[in-house]
Amino acid sequence: MENILAKHGLAGGYCNSLTAYSRYLTREVNIGDIALGGHNPIRIQSMTTTDTMDTLGTVEQTIRMVESGCEYVRITAPSIKEAENLANIKKELRFRGYHVPLIADIHFTPNAAEMAARIVEKVRVNPGNYADKKKFENIEYTQDAYNAELSRIYKKFIPLVKICKEYGTAMRIGTNHGSLSDRIMSHYGDTPRGMVESAMEFIRMCEDQNYYNLVISMKASNTQVMVQAYRLLVETMAKEGMNYPLHLGVTEAGDGEDGRIKSAVGIGTLLEDGLGDTIRVSLTEDPEFEAPVAKALADRYSRRSLELEVQNFESPVKVQSHNAQLPTYSPYEYNRRITTPVQHIGGHHHPVVMIDVSKENLKDPYFLSSIGYNYSAGLDKYNLADQACDLAYLGDNLPSFSFPGNLKQVYNYQTWLKLKDKNNCHPLFSLEEFNTTDHKDEFLNFVLVDAGQLNSLAIYQLTNAVLILKTSALHGMAEQRAFFVALQEQNIQIPVIIKRTYQDADADHLMLYAATDIGALFTDGFGDGIWIDAEGQNLSLINSTSFGILQATRTRISKTEYISCPSCGRTLFDLQETTQLIRSRTDHLKGIKIGIMGCIVNGPGEMADADYGYVGTGPDKITLYRGKEVVKKNVTTAYALDKLIDIIKDDGNWVEKV
């Protein structure tokens, strides 16, 4: 299989291999006495939410973070007074016996960065707002004018580089999708390429000073943009002989289940490709809850062999095809794999959700409420939720009540054959069964195939069929991706439902693992459906995780999306409380994206990726956005949510809760 990928320039480039797990080797960077990159483990970090001037509060929270698994702790330094107070925080931590490396988070203020670099082990700067500007102005630059701006930034930035060299301080060049400068936006647009070039400009300035103690990040709240930017960054660095370690994170991921799934989709997709040297999971929760999630993601890869070969992919799928064409797959941009729809699966239809209900009490229609079908006995009808699954697998078991018409039933082939009433019921075949029998469903058939059988598999022009693709490989995402690329190589346009089986995984790990394994494939444009098989787990969890993965990959929107930052010392209101309040009144607005930002650092930029924004701009003051456009400034907090809802209503996007 590797030869197919290499032929089209997809092997190498941004990772060691697309078909085998292999950690991408990066430069080792020392941050205090904990080294990052190289052959070191994937490091875990988070960020304080306290006021940096509150020395004891910040120290206490830092200790809780360390005890929850943080190996680095980041603290905001919005001005020189906070930067100076980092010395007091560090002194108190050392006095208490905690030697965790500290990282100063810098935006807008070079003098704060220069002070912090003399105190802490690492500084983080954002190229979009460090000596650059963002006013959403579209400026046409000549090459000379562009170079003049770079020269101006160089003069502002180099003093920090020299201080870092002198004090042995590391630096993260952290690009955020939401804070690309007007200069970058005007030249490259709001794109992953713009994110990469924003960082590369600063990296080149550092190298010009022979300073290499760098870590790089490409954060975005949109998982597709985030993944594409990191891949493009690695490829770009490799072309210039660089291999700086990567800090992974999905910014403004949100809270609860949504935040965990979204983080796992973005971070996990890159970890699957062997990328990533340190992780920060950004949740709108207390920071000590972030490290365990990040650690659960990282630990999965510490258990894998650095060179785990996926089963024999030397040759493509054996097929009968008369229209072979080049694959459309590119890891740097999203293109959904082209398929010929079979009923409502594939083509331009949104991905479907399939769930195994065969172990449930099939005499009780009320169990269907956990997968989105609420039964009313008085009316003898079902009410569909926004997250109502599409396909129910019953195996060899028959229900004693009528299923809702929107929910298709799938039975093992031999059981399906015996059904007297096959209306809305469809068979699941093995490939051998499908190819050797004439008794098939007229409209829709499911064929179970194993991605590991790629060499021996003979997939013919299956009529009215949808593949269900399973894998038992430890590095199953790569095995399934190889299968998809082989289908594209042969121009086989059969829809595919991705199936993954998880045994003995608790609820939290199931959510993270499935979001990684299946979310990675949807991020790459593969998959027309999702089937999470986890015997013994709650159906409601499986259903919500399935829809959450599709929401996080933006391939099927079934609920309101909240782009909420995790809070820090800059935050001007209680983010957790405010997010929950906004959620309580807007969580029925399917398809609407609402940004909730504690300050203006990334607020206006991230609003461009949201439909509406709620941003703290001063004590007890909120500014409301429509996209990146300011609609109302400095609204008193008590009235801000009502005003936001008024804006949504004025746009005709409001519906009343049922």
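Anything mentioned here points back to the structure above.
Starting afresh in each chain, residues are numbered from 1 along the sequence in its written order. Confidence filtering applies because this is a predicted model: local features only for residues at pLDDT of at least 70, side-chain atom pairs given and counted only at 80 or more, and all residues used for totals across whole chains, interfaces and linings. Where side-chain values are given, they derive from all heavy atoms of the structure, hydrogens and water being excluded.

Peer 1: Is there a simple way to explain unusual backbone geometry in this structure?
Peer 2: For residues other than glycine, phi is negative in most cases, and the peptide bonds are mostly trans. Positive phi outside glycine occurs at Asn424, with the angle close to 65 degrees. Helical segments are the DSSP runs of H or I of at least four residues, strand segments are the runs of E of at least two, and each set is numbered from the N terminus. Its place among the elements puts Asn424 in the loop between α11 (413-418) and β19 (425-430). Burial here depends on accessible area, computed with a 1.4 Å probe over protein chains only, as a share of the maximum for the residue type. Under 20% is buried, over 50% is exposed, and the range in between is partly exposed. In this structure Asn424 comes out as buried when scored by relative accessible area, which is 16%.

Peer 1: What should I look at first to understand the packing of helix α16 (residues 575-586) against helix α18 (residues 637-650) in this one?
Peer 2: The axes of two packed helices give the description: the angle between them and the distance between them. Lines are fitted to the C-alpha atoms to define the axes, a helix being fitted only along its stretch in contact, and any angle between axes, read from their N-to-C directions, falls within 0 to 180 degrees. At a minimum axis separation of 11 Å, α16 and α18 run at an interaxial angle of 35 degrees. In the crossing of α16 with α18, the sense of the turn from one axis to the other is right-handed. Residues Leu581, Ile582 and Arg585 of α16 lie in contact with α18, whose contacting residues are Leu641, Asp642 and Ile645. Residues of the contact of α16 with α18, tallied by class, amount to 4 nonpolar, no polar and 2 charged. Each crossing is labelled by how the near helix is turned from the far one, with a counterclockwise turn of less than a right angle marking it left-handed and a clockwise turn marking it right-handed. By definition in these notes, contact holds between two residues if any of their heavy atoms fall within 4.5 Å. For this classification, the nonpolar set comprises Ala, Val, Leu, Ile, Met, Phe, Trp, Tyr, Cys and Pro, the charged set comprises Asp, Glu, Lys and Arg, and every other residue, Gly included, is treated as polar.

Peer 1: Sorry, what's going on with the packing of aromatic side chains here?
Peer 2: How two aromatic rings sit relative to each other is given by the distance of their centres and the angle of their planes. Pairing of aromatic rings covers Phe, Tyr and Trp, the last through its six-membered ring, and needs centres within 6.5 Å; plane angles under 30 degrees mean stacked, over 60 mean edge-to-face, and all others mean tilted. Under the criterion given, the structure shown has 13 aromatic pairs. The interplanar angle of 85 degrees and the centroid separation of 5.2 Å between the aromatic rings of Phe429 and Phe434 together place this pair among those described as edge-to-face. Any Lys NZ or Arg CZ that is within 6 Å of a ring centre and within 35 degrees of that ring's normal is treated as a charge sitting over the ring. A cation over an aromatic ring shows up here: Lys422 above the ring of Trp416, its NZ or CZ 5.1 Å from the ring centre.

Peer 1: What is the right way to look at the nonpolar core in this model?
Peer 2: Side chains that are nonpolar tend, in soluble globular proteins, to be buried together. In this description, a nonpolar core means a group of buried Ala, Val, Leu, Ile, Met, Phe, Trp, Tyr and Cys residues linked to one another through side-chain atoms lying within 4.5 Å. Of all hydrophobic cores here, the largest spans 153 residues; its most connected members are Phe157, Leu160, Met171 and Ile216. It is helix α14 (residues 507-523) that contributes the most residues to this core, 10 residues altogether. Excluding its chain neighbours within four sequence positions, the residues that come into contact with Ile216 are Ile173, Ala199, Ile203, Tyr230, Leu233, Met237, Tyr244, Pro245, Leu246 and His247. If you look at the next biggest cluster of nonpolar residues, it comprises 26 residues, including Leu624, Val635, Ile647 and Ile648.

Peer 1: Please clarify how helix α8 (residues 223-239) should be interpreted in this entry.
Peer 2: Each helix should span, by expectation, one fewer than its residue count multiplied by 1.5 Å. In a regular helix each residue adds 1.5 Å, so 17 residues correspond to 24 Å; α8 covers 25 Å between its end C-alpha atoms and thus fits that length. Most of α8 sits out of view: 15 of its 17 residues are buried. By the N-cap criterion, in which a side-chain oxygen at the helix start approaches the backbone nitrogen of a residue two or three places on, α8 is capped by Asn222, the distance to Gln224 being 2.9 Å. The first or second residue beyond α8 is Gly241, which carries a positive phi of 75 degrees. Any pair of N or O atoms that falls within 3.5 Å is considered a polar contact. Within protein, one atom must be able to donate a hydrogen and the other to accept it, and sequence-neighbouring residues count only if both atoms are side-chain atoms.

Peer 1: Explain the pattern of salt bridges here, please?
Peer 2: It is possible for side chains of opposite charge to pair when their charged atoms get near one another. Criterion for a salt bridge: a side-chain nitrogen of Lys or Arg within 4 Å of a carboxyl oxygen of Asp or Glu. Summed over all chains, the structure comprises 34 salt bridges. With a closest N to O distance of 2.9 Å, Glu561 and Lys262 form a salt bridge. Highlighted residues: Glu561 in strand β25 (residues 561-564) and Lys262 in helix α9 (residues 256-272), separated in sequence by 299 residues. A network of salt bridges, in which partner residues are shared, links Arg193, Glu197, Arg204 and Glu240.

Peer 1: What exactly am I supposed to notice about the sheet that holds strand β27 (residues 612-618) here?
Peer 2: The pairing of strands in a sheet happens through backbone hydrogen bonds and is either parallel or antiparallel. Spatially, β25-β26-β27-β28-β29 is the arrangement adopted by the 5 strands of the open sheet, whose pairing is mixed. Each end of this open sheet is capped by a strand with a single partner; those strands are β25 and β29 (629-636). Across the sheet, the mean angle from the axis of one strand to that of its neighbour is 20 degrees, orientation sign disregarded. As defined by bridge partners, β25 adjoins strand β26 (residues 593-597) across 4 bridges and the pair is classed as parallel. For two strands to be treated as a pair, DSSP must find at least two bridges joining them.

Peer 1: Explanation requested: the side chain of Asp441 in the structure shown.
Peer 2: Counting through the fold element by element, Asp441 comes out in the loop between α12 (431-436) and β20 (445-450). When charges are counted, Lys and Arg are positive and Asp and Glu negative, with His and the chain ends excluded. The charged side chain of Asp441 is buried without a salt bridge, its nearest counter-charge being Lys408 at 8.1 Å.

Peer 1: Which parts of the structure should I look at to understand the pairing of strand β7 (residues 122-125)?
Peer 2: Working note: regular strand, side chains alternate between the two faces of the sheet. Side chains Lys122 and Arg124 project from β7 onto one buried face, and the interleaved Val123 and Val125 project onto a second face that is buried too. Across 4 bridges, the pairing between strand β6 (residues 102-106) and β7 is parallel. Each bridged residue has a counterpart across the sheet, and for Ile103 the counterpart in β7 is Lys122. This β-α-β element, β6 to helix α4 (residues 110-116) to β7, shows right-handed connectivity. Here β7 pairs with strand β8 (residues 170-176) via 4 bridges, running parallel. Note on handedness: a clockwise path from strand one over the helix to strand two, with the strands aimed away from the viewer, defines a right-handed crossover.

Peer 1: How should the sheet that holds β7 be read in this particular structure?
Peer 2: Taking strand neighbours across the sheet as the criterion, the 8 strands line up as β9-β8-β7-β6-β5-β4-β11-β10 in an open arrangement whose pairing is parallel. Looking at which strands have only one partner, the edges of the open sheet turn out to be β9 (214-219) and β10 (247-248). The sheet contact formed by strand β4 (residues 43-47) and strand β11 (residues 278-279) spans 2 bridges and is parallel. Within β11, the position partnered with Arg43 by the bridge is Thr278. In this fold helix α2 (residues 55-67) packs onto β4 and β5 (72-76), with an angle of close to 150 degrees to the strand it touches most, β5.

From the geometry alone we can't say anything about function, so treat these as descriptive.
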